[in-house]
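# Overview (structure and organization)
As a plain string of letters, each chain reads:
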Amino acid sequence: GMTEIGLGTLMPASFEAMYDSGSVGIDGPFRETTIRDEVGGVVPAGQRGELWVRGRGLLKGYWNRPDADAEAFRVADDGGHRWFRTGDLFEADENGFLWLVGRLKDMIRRSSENIAAREVEAVIRELPQVEDCAAVPVPDVKRGEEVKIYVQLKPGLLPADLPPEAILAHARKGLAAFKVPRFYAYVESFPRSVSNKNEKRNLLTGVDDLRADAWDAETLKSLSR
């Protein structure tokens, strides 16, 4: 769900076969969803796009923000209620179950390929030494953007307990080659919002060169400031 729409999707308790599947379920009561591409076209099952939602009880608009309304709403193409753009990247399977991939604004575009930071982070979090992590884009002349992963280790552990080479090896096992992070860095903790969300933008603000002080998987070396 979202503040703007309330309940969006629901996994009925009776769908026991989907327990712990990772799917967020199906359309919630009085809700209709659709997954659209960058130009607003409906995408087929198995392909990714932005989740749009409509139905009763959605917000009418943002207070004194016509610019935000124009960005968030799309006129229905079938005469029904307006669609609300969630900003979330989703895909649906052949049975209609919905799967959250990540936030559109949290995408990394490497050599014309879209990479969901959430997907990269999920694989790195599989490592038992990792407390938390964050994938961010690094500007790159050749590929547009490269993937950088910041890693917070569990209390008491040091980078020597989980060197970049080990993280890289694990990433290569769980991710397509183009999604594997190139740059690796360690942090003691992450900046958090009042709701305990990882505020990645604070990792990027004021940093002239995101490659500095990071281990580079292409050169197998750390870059100094």
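Above: the structure in question.
A brief structural summary. Given the structure is predicted, the values throughout are model-derived calculations rather than measurements.

All right, on to the pairing of strand β9 (residues 113–116) then. Pairing between strand β8 (residues 107–110) and β9: four bridges, direction antiparallel. Opposite M107, over in β9, you have A116 as the bridge partner. Between β8 and β9, which pair antiparallel one after the other, the connecting turn spans two residues, and S111 there sits at a positive phi close to 50°.

On to the pattern of salt bridges. Under the counting rule described, the total for this entry stands at 23 salt bridges. The residue D67 makes a salt bridge to R65 at a minimum N-O spacing of 2.9 Å. Taking the relative accessible area as the measure of exposure, R65 reaches 41% and is therefore partly exposed. Residue E146 pairs with R143 through a salt bridge whose shortest N-O separation is 2.7 Å.

This brings us to the sheet that holds strand β13 (residues 215–216). Reading across the sheet, the five strands line up as β10-β11-β12-β13-β14 and stay open at both edges, with mixed pairing between neighbours. Unpaired on one side and paired on the other, β10 (130–140) and β14 (221–222) mark the two borders of the sheet. Where β10 lies against strand β11 (residues 144–153), ten bridges are found, and the strand directions are antiparallel. Note on β11: the bridge partner recorded for V130 is L153. Of the strands in this sheet, β10 and β11 are in contact with helix α2 (residues 117–124), which crosses β10 at around 140°. Of the strands in this sheet, β11, β12 (183–186) and β13 touch helix α3 (residues 164–174), which is tilted by about 130° from β12.

Time to look at the layout of surface pockets. Empty space within the largest pocket amounts to approximately 1,200 Å³. Together, 30 residues line the largest pocket, and R103, K105, D106, K197 and N198 are the ones closest to its centre. A volume near 350 Å³ is recorded for the second largest pocket. When residues of the lining of the second largest pocket are traced back to their parent elements, those giving at least two are β4 (49–55) and β6 (83–92).

How each quantity is defined
Residues numbered from 1 in each chain as written. Predicted model: local features only at pLDDT ≥ 70, side-chain atom pairs only at ≥ 80, totals over all residues. Heavy atoms only, no water. Pairing = 2+ DSSP bridges. Helix = DSSP H or I, 4+ residues; strand = E, 2+ residues; numbered from the N terminus. Salt bridge = Lys/Arg side-chain N within 4 Å of Asp/Glu carboxyl O. Buried < 20%, exposed > 50% of the residue type's maximum accessible area, 1.4 Å probe, protein only. Contact = heavy atoms within 4.5 Å. Axes fitted to C-alpha atoms, helices over the stretch in contact; angles between N-to-C directions. 1 Å grid on protein atoms, 1.4 Å probe; cavity = no way out; pocket = protein on both sides within 12 Å on 5 of 7 lines; lining within 4 Å. Points joined across faces, edges and corners; volume = space filled by probe spheres on them.

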